[in-house]
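Topology and contacts: notes
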Amino acid sequence: MKKLCSLFLILLLTLSLVACGEPESTDTLSTDAPPTETVSNTDNQSDTQAPPTETEPDTETEISTDSQDSATSSEEVVLLPVEDGTLKILTHVCTVPFAVKSRIQTKTLSGAWTEELIEKLLQASETGASVEKLSDKKITPLHFEDFAEGLDIDRGTRWILVENVMFRYIKDKEFCKVETYMGDGKEIALSDELKEQLEIALYYAPTNTYLGTWENGNLEIKHVFEREQQVEFSIEEIVKLSSKKYRIKYSLLSEEDQSVRLSLESQQSEDNIGSLDMKTVELKANEKQTLEFEFSGWEIVSFNLNIYVFVDGNTTDSHIKIVFN
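Note that the structure is predicted; figures quoted are calculated from it, not measured.

Section: a negative patch on the surface
Together, E228, E232, E255, E256, D257, E287 and D312 make up a region of like negative charge exposed at the surface. Tracing the backbone through its elements, the reader meets D257 in the loop between β11 (245-254) and β12 (258-269).

Here's the deal with the packing of aromatic side chains
The description of two aromatic rings rests on the distance between their centres and on the angle between their planes. Within this structure, the stated rule accounts for 16 aromatic pairs. An aromatic cluster of at least three residues, connected via ring pairs, comprises W214, Y246, F295, W298, F303 and F324. Here R261 stacks its cationic end above the ring of F310, 4.4 Å away from the centre of that ring. Between the NZ or CZ atom of K279 and the centre of the ring of F293, over which it lies, the distance is 4.6 Å.

Some details on helix α3 (residues 112-123)
With 12 residues, α3 should cover 16 Å at 1.5 Å per step; its first-to-last C-alpha distance of 17 Å lies within 8% of that length. Looking only at α3, the buried set comprises T114, L117, I118 and L121. Looking down the long axis of α3, one finds its buried residues gathered within 105° of arc, a one-sided arrangement. Turned more than 90 degrees away from the buried face of α3 sit A112 and Q123, all of them exposed. The inward-facing, buried residues of α3 contact β1 (87-94), β2 (102-109), β4 (158-162), β5 (165-170), β6 (174-178) and α5 (192-203).

What about the nonpolar core?
Nonpolar side chains in soluble globular proteins generally cluster together in the buried interior. One finds F233, I248, L252 and F324 to be the most contacted residues of the largest nonpolar core, which totals 27 residues. Secondary structure elements with two or more residues in this core: β8 (209-215), β10 (231-240), β11, β12, β13 (272-283), β14 (289-296), β15 (303-311) and β16 (315-324). For this core, the element with the highest residue contribution is β15, accounting for five residues. With 23 residues, the next largest nonpolar core counts I118, A124, V165 and L202 among its residues.

What about the pairing of β10?
When β10 meets β11, the two strands line up antiparallel, connected through nine bridges. Across the sheet, K240 pairs through a bridge with Y246, a residue of β11.

Side note on the sheet that holds β16
Pairing in this open sheet of six strands is mixed, and the strands run β9-β8-β16-β15-β12-β13 from one edge to the other. Strands at the two margins of the open sheet, each flanked by one partner only, are β9 (218-225) and β13. Each neighbouring strand pair of the sheet contributes to a mean axis angle of 15°, computed without reference to strand direction.

Some words on the packing of α3 against α5
Closest axis-to-axis distance for the α3/α5 pair is 11 Å, and the angle between their directions is 130°. Comparing the axis directions of α3 and α5 gives the class oblique. Remark: the crossing between α3 and α5 carries left-handed chirality. Contacts from W113, E116, L117, K120 and L121 in α3 reach E193, L194, Q197, L198, I200 and A201 in α5. Along the lines of polarity and charge, the residues of the contact of α3 with α5 split into seven nonpolar, one polar and three charged.

A word on the sheet that holds strand β7 (residues 185-188)
Spatial ordering of the open sheet is given by β2-β1-β4-β5-β6-β7-β3, a layout of seven strands whose pairing is antiparallel. Every interior strand has two partners, whereas the edge strands, β2 and β3 (126-131), have only one. Ignoring strand direction, the axes of neighbouring strands in this sheet form an average angle of 30°. Its contacts with the sheet put α3 on β1, β2, β4, β5 and β6, and the angle it makes with β1 is roughly 85°.

Section: the pattern of salt bridges
Per the counting criterion, the structure on display carries 11 salt bridges. With a closest N to O distance of 2.4 Å, K133 and D136 form a salt bridge. According to the relative accessible area criterion, K133 is partly exposed, its value standing at 48%. The class for D136 is exposed, based on a relative accessible area of 53%. Residues E292 and K249 are paired through a salt bridge, measuring 4.0 Å at the closest nitrogen-oxygen approach. Of the two residues, E292 is situated in strand β14 and K249 in strand β11; the sequence distance between them amounts to 43 residues. Taking the relative accessible area as the measure of exposure, K249 reaches 26% and is therefore partly exposed. Among the charged side chains, a network of salt bridges with common partners joins E237, R247, K249 and E292.

Definitions and limits used
Residue indices follow the written sequence of each chain, beginning from 1 at its first position. pLDDT decides what is reported in this predicted model: residues at 70 or higher carry local features, side-chain atom pairs at 80 or more are listed and counted, and totals for whole chains, interfaces and linings draw on all residues regardless. As a rule here, side-chain values come from all non-hydrogen atoms in the structure, and water together with hydrogens is ignored. Nonpolar side chains (Val, Leu, Ile, Met, Phe, Trp, Tyr) within 5 Å and like charges within 9 Å form the patches, drawn only from residues with over 30% relative accessible area and no salt bridge. Residue burial considers only the protein chains on display, and all accessible areas are found by Shrake-Rupley using a 1.4 Å probe. The salt bridge definition used is simple: a Lys or Arg side-chain nitrogen within 4 Å of an Asp or Glu carboxyl oxygen. Under this rule, positive means Lys or Arg and negative means Asp or Glu; His and the chain ends count for nothing. In this description, the location of a charge corresponds to atom NZ of lysine, CZ of arginine, CG of aspartate or CD of glutamate. Secondary structure is summarised from DSSP: a helix means a run of H or I of at least four residues, a strand means a run of E of at least two, and numbering begins at the N terminus for each. Between 30 and 60 degrees the pair is tilted, below 30 it is stacked and above 60 it is edge-to-face, where a pair is any two Phe, Tyr or Trp rings, Trp via its six-membered ring, whose centres lie within 6.5 Å. Consider the ring centre and the ring normal. A charge sits over the ring if Lys NZ or Arg CZ is within 6 Å of that centre and within 35 degrees of that normal. Here the expected length of a helix is defined as 1.5 Å per residue gap, with one fewer gap than residues. Each residue's exposure class comes from its accessible area (1.4 Å probe, protein chains only) as a fraction of the maximum for that residue type: buried when under 20%, exposed when over 50%, partly exposed otherwise. By construction, the arc corresponds to the directions joining the helix axis to the C-beta atoms. Residue contacts are defined here by distance: any two heavy atoms, one from each residue, within 4.5 Å place the two residues in contact. By nonpolar core we mean a set of buried residues, namely Ala, Val, Leu, Ile, Met, Phe, Trp, Tyr and Cys, connected to one another through side-chain atoms within 4.5 Å. Any two strands with at least two DSSP bridges between them are considered paired. Lines fitted to the C-alpha atoms define the axes, with helices restricted to the stretch that makes contact. Angles between their N-to-C directions range from 0 to 180 degrees. Any angle between 65 and 115 degrees counts as roughly perpendicular, while under 35 counts as roughly parallel, over 145 as roughly antiparallel, and the rest as oblique. Here a crossing is called left-handed whenever its near helix is offset anticlockwise from the far helix by less than a right angle, and right-handed whenever the offset is clockwise. Residues are grouped as follows: Ala, Val, Leu, Ile, Met, Phe, Trp, Tyr, Cys and Pro are nonpolar; Asp, Glu, Lys and Arg are charged; all remaining types, including Gly, are polar.

Below is the structure:
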């Protein structure tokens, strides 16, 4: 029995010594392993260290990109490119004073005449001069076409979008290429021919339009933008009745029976209206009708007479603008 107890004690002592010895062996291996790897890979150290070096910049780049995206989202960005062969025009219309309320009118032009203008615009050269920004206000594309806030810039400021390029036009002030609506830009050379065609696009197209002048009883009129029309309009005469009173005689001709509405307005400026008149005419197919309007103008300053012919309810068939000097 004593022998068995002695053997059992010896066995327990042996097991204790083995258990205590294992951690010492493990600690020694874990401590020696790094120096062994370092020495064995000394020649290839740059390759060994490359992955951690690349990982750190990747992390920094992702953070930087996020911050850039955040900054860009708060800044103004341009509209997406418009369809090839299409010209989109955005016009700033506002109340007086300018900063009270603004809205943006949009129209889109296409066709052979428009494609010719687009080609000229894209080929127009820069003058080398810079154009200052209009405002510090940031406007996103989606918000811009539904804009209904105060915008303290010139009434009638226009933006022309062609393919992936945007131009800004302020009559008698600037024509430039811009990246944002309100930002600075690069001045574009505007020849007389290009200016005339651009202004027809901005102010008249796609409506069938006649422009004329009346001075000392002489009327000169030309067709500046032509498209298919339902009613043929012609001016027979304009007579000055008194210092401010005029009478215009004109004729209408239609190939079919239809109801036509005419609007006449004389104005010295956008805010100074002389006459407003409107009438509806029932036309018979191929029967010419002659009508008269009397209107008031101004004695000393020049003014405009605008006549609109509407068909199918509110569709503008023709616009006739005559300048009285």
